[in-house]
Amino acid sequence: IPFNSQRTFGMSFGMQLAWMKVHFKDDYAMFNEDGTITVRPIEYGEGETFKKSYISYTALRFPIYLEYQRIINRREIFATIGCSVEWRSGEHSRYKTNNNTITPTKDIFINPIGLNLELQIGYSCLAFYMRTSLTPLMKTNHAPKAYPTSMGMSLCF
């Protein structure tokens, strides 16, 4: 939605579906112990060795951006800042060994609604983005404070 007649400043919005995986330090996993979420060392069985540990969840995200864009040398340059509201579900904690896949808990007290700050900058077919959560991933009266942040680069061909 342009705000000026040159169509260089305006608002954009969308919808994103994301499958998130947050990995832990080797030999550590997340457990629900009597209603309290803890991250602690994994106790292995005979002959088991560590492969990976993580929590995963899905998110349906609705970003709203203020955007500046301009054509320079027949290529577009743009910058955006905005926020997104996301609905989180399907969470679980999991770790894998050479012998098994173990799910210590499917209830990590995830906050079902999150609010994020979003930034993007790009020129032509190269763009960089950053997203950081303004609300904790999990309910802090039951779990440690965690604020997911992601950064990346996108290319078009």
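Located above this text is the structure these notes cover.
Novice: Pulling in residues and values, what's your account of the state of the cysteines?
Specialist: The bond known as a disulfide is covalent and runs between the sulfur atoms of two cysteines. Within this structure, the stated rule accounts for 1 disulfide. Through a disulfide, Cys125 is tied to Cys156; the S-S separation comes to 2.1 Å. The S-S bond linking Cys125 to Cys156 shows a torsion near -85°; that makes this disulfide left-handed. Note that Cys125 is positioned in the loop between strand E8 (113-123) and strand E9 (126-133) and Cys156 in the segment after strand E10 (149-155), a separation of 31 residues in sequence. The class of Cys125 is partly exposed, set by a relative accessible area of 35%. When its relative accessible area of 39% is taken as the criterion, Cys156 is described as partly exposed.

Novice: Could you give me a rundown of the pairing of E9, with the residues and numbers involved?
Specialist: Relative to E9, E8 runs antiparallel, the two sharing 8 bridges. Looking across to E9, one finds that Asn116 is bridged to Ser133. A loop of 2 residues connects E8 with E9, the two strands running antiparallel in sequence, and Ser124 in this loop sits at a positive phi of about 60°. Two strands pair when backbone bridges link them, and E9 and E10 are joined in this way by 7 bridges, in the antiparallel orientation. Bridged to Leu126 within E10 is Leu155.

About the cut-offs
Residues numbered from 1 in each chain as written. Predicted model: local features only at pLDDT ≥ 70, side-chain atom pairs only at ≥ 80, totals over all residues. Heavy atoms only, no water. Disulfide = S-S within 2.5 Å. Helix = DSSP H or I, 4+ residues; strand = E, 2+ residues; numbered from the N terminus. Buried < 20%, exposed > 50% of the residue type's maximum accessible area, 1.4 Å probe, protein only. Pairing = 2+ DSSP bridges.

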